[in-house]
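# Observations on the three-dimensional arrangement
Given next are the chains, with one letter for each unit.
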Amino acid sequence: MDSRTRIILLKLIKKQLLDEVSGCISTGKEANVYHALNASEEEFAVKIYKTSILVFKDRNRYVDGEYRFRRGYCRHNPRKMVAMWAEKEFRNLSRMRAAGIAVPLPVAVKGHVLVMEFLGKHMIAASTLKEVSFETLEEWEETYVSVVEILRMMYHSCKLVHADFSEYNLLLHQSKVYVIDVSQAVEFDHPMALEFLRRDCANINSFFESKGTGVFGLKQLFYLIVDKALKFSRERVRELLKERKEGVGEEDRFSDALFKELHIPRTLFEVEPEKLFTASEEQLDIIKRVAGFDEGNLKEMPETIREEHSGDSESSEEDKDEEKTEEKAKKKDPFEGMSKKERKQKVKLEKREKRKNKVPKHIKKKAEKKNHK
């Protein structure tokens, strides 16, 4: 710990939030987590973000384009950058807690130090899903259903995408799945939010498949999370999982492989009108579910409207060509037919005329001072 970190911890002790800070619970690429107690012997986790050795250097892609950081983000000052990262995690935890998602209770944030509820007992932290070993397959399946529910609640209730959702950031505490490490979580309107969500879905499926659990296809799980029209419940998820187990073919695997490569538009503004007419069924399905289009399949649009659209596009292209030729005709060279000496002379005369009407600098400054007063 450096001197700045120790000063922050002393301030927290003076405020009686903490009484003592003991050993390190876990270490990571962005922070170390320490165990702490208050005067009432309550346990806390103190997350201290690294400021000098920044292993996690790819923070920009999680921040650029997010509304909460529209006024700027200090990339060149590591301490300010990490303090903002800690504040971001505090806000995300608070939002998720308010929505009813199981996360550690955030207590306080000061600079690059975050104090939150400790998940565990007597300095022994709760196990991650990676470390858990269930006796039956049914327990793994029930955990999978809980994880799917968390992803959907995060997206619809909190308007957040975790962006690093894996077995390492999920704890099992008191038979309940808790989400941790939400500093990189982005809002659902972030430019890369849906790309991050698709990656989260792939991570979770990969882990639970390794445990022998039946899982949804990547595309099916993604739609299960983002589709507003779907009536979501744990019972419905269990039913869909049973149906999935009964019939998984090559078509499903091919569809998931194709879905991994597709661009996912967040809104209809991101889709070019011309592409709506040539889009495949797969692309139209994504537009309908994710971009909020609910007016039916565009493939069924009457041919007359398509012809009108194509005619309009052709005529508009012709109009553009005509405008370009007119602009070229208007823009005649003012020095046409002149020799080099004549051109120089003309430029000199034009500059001389401009200088005649030029306001001296000292008069300009006086006028600016008067205006400010």
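Preceding block: the structure.
Quick look at the structure, then. (Residues numbered from 1 in each chain as written. Predicted model: local features only at pLDDT ≥ 70, side-chain atom pairs only at ≥ 80, totals over all residues. Heavy atoms only, no water.)

### Some thoughts on unusual backbone geometry
Note on backbone geometry: most residues besides glycine have negative phi, and most peptide bonds are trans. Unusually for a residue other than glycine, Q16 sits at a positive phi of about 70°. Structurally, Q16 can be placed in the loop between helix 1 (3-14) and strand 1 (20-27). Its relative accessible area of 69% is what places Q16 among the exposed residues. We note that M123 has phi near 70°; this positive angle belongs to a residue other than glycine. For M123, the position within the fold is in the loop between strand 6 (120-121) and strand 7 (124-125). (Helix = DSSP H or I, 4+ residues; strand = E, 2+ residues; numbered from the N terminus. Buried < 20%, exposed > 50% of the residue type's maximum accessible area, 1.4 Å probe, protein only.)

### Topic: helix 5 (residues 193-210)
One turn of an α-helix holds 3.6 residues; hence residues three or four places apart share an orientation. Here helix 5 spans 26 Å end to end across 18 residues, near enough to the 26 Å set by a 1.5 Å rise per residue. Positive backbone phi, at 85°, marks G212, one or two positions downstream of helix 5. (Expected span 1.5 Å × (residues − 1).)

### Points about the nonpolar core
Counting residues in each nonpolar core, the largest one holds 58 residues, and the members touching the most others are M96, Y144, V179, L197 and F208. The leading source of residues in this core is helix 4 (residues 137-156), at nine residues. Residues in contact with L197, not counting those within four places in the same chain, are L151, Y155, V161, F222, I225 and V226. With 11 residues, the next largest nonpolar core counts L18, F44, V46 and V113 among its residues. (Core = buried A, V, L, I, M, F, W, Y, C linked by side-chain atoms within 4.5 Å. Contact = heavy atoms within 4.5 Å.)

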